Amino acid sequence: MELIPILSLIILVATISTFVLAVGAYILFKVRERRGQRAKAAAPPASIPAELIAPTPLMGDMGKSRTFEESAQITRPTGGGARPTFFTATKDNDPTRPQMKPTFTSLAPTKLTGSQFTRPEAPTRARATAAPTRVTSLKTSAKTSETEQYDKKKKFMRYTAEGYVDPSRDKGGESNKQEETLRWR
Amino acid sequence: MLMGDSQLSSDSLRMGVRHFIDPAVGAVAGNVKIMNRKKWLTDLQALEYIEGLNLARAAQAIAKMVNIIPGPIGFFRKAALHDGGYYSSDTYAEDADMTLKILATGWKIDYEPNAISYTEAPEKLHQLLKQRYRWTRGIIQAIRKHKTYIFNPTINFNNTIVLWMMVFESLFWPAMNIFGNVFFIVVGLIYGMSSLIALWWISIAILDIMAAIYCIAAEKEEVRLIPYSIVYRVMFIIIIDITKAAATVEEFLGIEMNWGKLERVGLPGAK
């Protein structure tokens, strides 16, 4: 038997088998890759070698709210002897104290009906010479926002040596002011 | 620049930095060799690195236009890196991308065969295919990123030549090789294997052996790698080229890919 045909057969068989092997290897590679990705996604690691650091739970998160009395009892941590509390007033014993409420954002504006909205009147000749009218003549509804429900008197209390006083009642204020101005002259 | 799984030879740094005496040289590519040999797959890769990668880089270095500064060893001038915009993470072949960016800014890139870095090669076929799949898609991504230079040689002529070489290597060459082998099989099966085709194949094999002898002599490498050139031609290249072709198709189809993780066995000198 001649050498060339044998060599030819070997070369042909080798090339065909390599082709099959190459395609098969690539398919296996892709299958393995996909399997690996799925396994990674399906099974998260059982234990993570790390220290779990969690923040201290907030009262709000636990569904609790601090009452006014509890707030009043809070004292600063002291190194030495006990310090007096800074504010010992209770809810009922001091009616002049300001209301301790958080800042509210106003509610969404209520839908205005036609009767609640008044158009600005057209300026008459007499008014034309006077100061221009404001366009914001909007009737507020009976339902005011929570901010507006807030007691205005207590909101703008003035703190004096005698405690919280209504600024409108502080009639001696004007005379005191004059005295101060005179003194500084 | 040195990869974590590579080791430098004692003279590597001295040999590499000497090229920076030329102010036009922005980077130097080193010589990558396989460390974990004595296995048929890693020996084939050792031959591939010597014959396929280093010989090509030596040729490109004549024009100082090396197209890829390999990850295991690369020397960069700081200004060249700065001009190129540093490494990007938008391709899977960031070394090819960085090289193209440096070339685009007008710097020259040289090759130093005596700056040797020994790297670890995949020992399993699955790992090898994974590596080549990533390389192929990464290089295509880098080419696509710099496609402006492919069709417009007026911007940077050097970069245009380099990019066309990369297009040939990554797209045309694998396709031609696969087509040639399929043609060979079909002719052999349908028309019978004539003595002419067998002689043609043998002549190609002799050419491969001659090239291997030359490269191994030039690099002062192991002589035992020479017979691998036959297996390299018949088997290794086909396997790699089919993976390259499939990866190219997947890249153009936009199929999702990830970095994956190559298994490392550790270098003997690293212990």
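These lines cover the structure that appears in this document, whether it is placed above or below. Keep in mind the model is a prediction, meaning the values are calculated, not measured.

**Section: the overall build of chain B**
What chain B contains, in helices and strands, is 9 helices and 4 strands. For chain B, the N- to C-terminal ordering of α and β elements is β-α-β-α-β-α-α-β-α-α-α-α-α. A buried classification covers 53% of the 271 residues belonging to chain B. Within chain B, contacts between residues at least 6 apart in sequence are counted, and of these 81% link residues at least 24 apart.

**A short note on the overall build of chain A**
Counting its secondary structure elements, chain A contains 6 helices and 2 strands. Listing every helix and strand of chain A by position from the N terminus yields α-α-α-α-α-β-β-α. Across the 185 residues that make up chain A, the buried fraction comes to 12%. Here chain A displays about 16700 Å² of accessible surface, and carbon together with sulfur accounts for 58% of that area.

**A closer look at the interface of chain A and chain B**
If you look at the interface, chain A gives 20 residues, while chain B gives 29 residues. When chain A packs against chain B, close to 2200 Å² is buried across both sides, 80% of that on carbon and sulfur atoms. Broken down residue by residue, the surface that chain A buries against chain B is led by Phe19(A), Tyr26(A) and Phe29(A), which jointly contribute 27%. Joining chain A to chain B, the criterion identifies 2 salt bridges.

**Observations regarding the side chain of Gln45(B)**
On the secondary structure map, Gln45(B) appears in helix 2 (residues 40-62). When neighbours within four sequence positions are excluded, Gln45(B) is seen to be in contact with Ile34(B), Ala121(B), Pro122(B), Leu128(B), Gln131(B), Arg132(B) and Phe236(B).

**Some words on the sheet that holds strand 1 (residues 6-8) of chain B**
Residues and elements named next belong to chain B. The 4 strands lie next to each other as 1-4-2-3, forming an open sheet whose pairing is mixed. Because the sheet does not close on itself, it has two edges, and the strands there are strand 1 and strand 3 (74-76). Mean inter-strand twist for the sheet, computed between neighbouring axes without regard to direction, equals 40°. Of the strand pairs in this sheet, strand 1 and strand 4 (residues 108-119) are connected by 3 bridges, and their pairing is antiparallel. Bridge pairing links Ser6 to Thr119 in strand 4. In this fold helix 2 packs onto strand 2 (25-34) and strand 4, with an angle of close to 160° to the strand it touches most, strand 2.

**Thoughts on helix 9 (residues 228-253) of chain B**
Counted at 1.5 Å a residue, the expected span for helix 9 of chain B with its 26 residues is 38 Å, and the 35 Å between its end C-alpha atoms agrees. The largest bend in helix 9 of chain B comes to about 35°, at Phe236(B).

**Focus: the nonpolar core**
Residue and element names in this part refer to chain B. In terms of nonpolar packing, the biggest core is built from 29 residues, with Phe76, Ala96, Ile102, Ile109, Ile139, Ile143 and Met166 touching the most fellow members. At 6 residues, helix 4 (residues 94-104) tops the list of elements feeding residues into this core. Residues contacting Ile102, with those up to four places away along its chain left out, are Ala27, Phe76, Ala80, Trp107 and Ile109. Within the second largest apolar cluster, 27 residues are counted, among which are Ile34, Ile73, Leu225 and Ile240.

Basis of the calculations
Residue indices follow the written sequence of each chain, beginning from 1 at its first position. All chains are assigned letters beginning at A, and all ligands numbers beginning at 1, according to the order in which they are written. At least 70 in pLDDT is required for a residue's local features to be given in this predicted model, at least 80 for side-chain atom pairs to be given and counted, and no such filter applies to totals for whole chains, interfaces and linings, which use all residues. The side-chain numbers reported here are obtained from all heavy atoms of the structure, hydrogens and water having been left aside. The numbering of helices and of strands both runs from the N terminus, where a helix is a DSSP run of H or I of at least 4 residues and a strand a run of E of at least 2. Remark: exposure states derive from per-residue accessible area (1.4 Å probe, protein chains only) relative to the maximum for the residue type, with buried under 20%, exposed over 50%, and partly exposed in between. Any pair of residues with heavy atoms lying within 4.5 Å of one another is described as a contacting pair. Working definition of accessibility: Shrake-Rupley area with a 1.4 Å probe, residue cover restricted to the visible protein chains. By buried area we mean the combined loss of accessible area, with a 1.4 Å probe, across both parts when two parts are placed together. By definition here, a salt bridge exists when the distance from a side-chain nitrogen of Lys or Arg to a carboxyl oxygen of Asp or Glu is within 4 Å. The pairing criterion for strands is at least two bridges between them, as found by DSSP. Note on geometry: axes are lines fitted to C-alpha atoms, helical ones only across the stretch in contact, with angles between N-to-C directions running from 0 to 180 degrees. In this scheme, a helix's expected span is set at 1.5 Å multiplied by one less than its residue total. Bend, at a single residue, is the angle you get between axes fitted to the 7 residues ending at that residue and the 7 residues starting at it. Here, the term nonpolar core denotes a set of buried Ala, Val, Leu, Ile, Met, Phe, Trp, Tyr and Cys residues that are joined through side-chain atoms within 4.5 Å.

No statement about biological role is implied by the geometric values presented.
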